[in-house]
Amino acid sequence: MIRTPRWWLADSSRQVTTPTSTLTPTYVITSNPSVLPASLRPPTIPSTTVSVVNLAFPASADLFPRGFGYLIPRSVTAARNPHHALGVIYDSDVMPSLDSSEAAGLTKVSMLLGGSYWLDKVPAAPSHETLVGWAMDTLRLHFPDKTFPEPLYTLSHTHADCIPQVPVGYFKEMRALGERLRATGDVAVAGGGTGTIGVNGAVKGAWEVGTSFGEHVSTGSGRSEEYTSELQSPIR
């Protein structure tokens, strides 16, 4: 595995320096474009922090409807979402076979808090007790007809700078990056953050880059006519 490589141009060739060797590849394909030279890196975007709170209640309390869970849009007023929750996942329905909680008579849910609400200012290191209190307050607001017992088990973790927040003009900058990558003819990027959002987009981008590379190697055509991604560069 190559860890934290350094890249530069030398005598019109790209070189990759690792802790043990220096490589001069014919082509470069990376899913971590932040290691590329500055002119070929995606624009920097801010990230925000999210706290996740896991709660387990007695299944007999019958607290939640069946389903995946729900998201809380920004249009919900502060009175209905005072602790900046992003959404709730009904873990017992989404992943019922993950562990033995169902056999133990438990209903599990997870709540995400923060995100874009905390982009400018993150609360000062909220404690586990504080996060659980916020989660319980939010559930009681959203399910006023239910009587919530204290959870039998709780777990929380705050993930710092874990979700990118795409700013205005980002996609225009990414299209410009795609043009710069195409101009190199020997550098391509694939993976999350360089194309369509999510696993499907990352897989599609990797397939397109790999297909383009394979066609060039097998036919020597110098380019792939099938490659159409705006943000990722074909190998030519």
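Residues numbered from 1 in each chain as written. Predicted model: local features only at pLDDT ≥ 70, side-chain atom pairs only at ≥ 80, totals over all residues. Heavy atoms only, no water.

Draft legend 1. Fine view of the overall build of the protein. For the protein, the count of helices and strands is 4 helices and 10 strands. In the protein, the succession of α and β elements from N to C terminus is β-β-β-β-β-β-β-α-β-α-β-α-β-α. Within the span of the protein, comprising 236 residues, buried residues form 38% of the whole. When contacts within the protein are restricted to residue pairs at least 6 apart in sequence, long-range pairs at least 24 apart make up 68% of them. Carbon together with sulfur atoms contributes 57% to the accessible area of the protein, which is approximately 13,800 Å² in total. (Helix = DSSP H or I, 4+ residues; strand = E, 2+ residues; numbered from the N terminus. Buried < 20%, exposed > 50% of the residue type's maximum accessible area, 1.4 Å probe, protein only. Contact = heavy atoms within 4.5 Å. Areas by Shrake-Rupley, 256 points an atom, 1.4 Å probe, with all protein chains shown as cover.)

Draft legend 2. Layout of the nonpolar core. In this structure, Leu55, Phe57, Phe64, Leu139 and Phe148 are the most contacted members of the largest nonpolar core, which totals 22 residues. Among the elements of the structure, β5 (47-58), β7 (85-89), β8 (106-114) and α2 (128-142) are those that each provide at least two residues to this core. The element best represented in this core is α2, accounting for 6 residues. Those residues in contact with leucine 55 that sit more than four places away from it in its chain are Thr107, Lys108, Val109, Val132, Ala135, Met136, Leu139, Pro151, Tyr153 and Thr154. By size, the runner-up hydrophobic cluster in this structure holds 9 residues, among which are Val28, Leu36, Met174 and Val187. (Core = buried A, V, L, I, M, F, W, Y, C linked by side-chain atoms within 4.5 Å.)

Draft legend 3. Just the packing of aromatic side chains, in detail. In total, this model carries 9 aromatic pairs according to the counting rule given. When the ring of tyrosine 70 is compared with that of phenylalanine 143, the centres are 6.1 Å apart and the planes differ by 65 degrees; the resulting orientation is edge-to-face. Taken together, the residues span a long stretch of sequence, with tyrosine 70 in strand β6 (residues 69-71) and phenylalanine 143 in the loop between α2 and β9 (153-164) at a distance of 73 residues. Joined through ring pairs, the aromatic side chains of Phe57, Phe64, Tyr70, Tyr90, Phe143 and Phe148 make up one cluster. (Phe/Tyr/Trp six-rings, centres within 6.5 Å; stacked < 30°, edge-to-face > 60°.)

Draft legend 4. Here's a closer look at the layout of surface pockets. Volume-wise, the second largest pocket comes out at about 320 Å³. Taken together, 18 residues make up the lining of the second largest pocket; nearest its centre are Arg66, Ser92, Asp93, Leu106 and Thr107. Among the elements of the structure, β5, α1 (91-94) and β8 are those that each provide at least two residues to the lining of the second largest pocket. Sort the elements by how many residues they give to the lining of the second largest pocket and β8 lands first, with 4 residues. Among the residues forming the lining of the second largest pocket, the class breakdown is 10 nonpolar, 3 polar and 5 charged. (1 Å grid on protein atoms, 1.4 Å probe; cavity = no way out; pocket = protein on both sides within 12 Å on 5 of 7 lines; lining within 4 Å. Points joined across faces, edges and corners; volume = space filled by probe spheres on them. Nonpolar A, V, L, I, M, F, W, Y, C, P; charged D, E, K, R; others polar.)

Draft legend 5. Spotlight on the sheet that holds β6. Spatial ordering of the open sheet is given by β6-β7-β8-β5-β9, a layout of 5 strands whose pairing is antiparallel. Two strands lie at the open edges of the sheet, namely β6 and β9, each paired on one side alone. Within this sheet the neighbouring strands show an average axis-to-axis angle of 20 degrees, counted without direction. Note that β6 and β7 share 3 bridges and pair antiparallel. (Pairing = 2+ DSSP bridges. Axes fitted to C-alpha atoms, helices over the stretch in contact; angles between N-to-C directions.)

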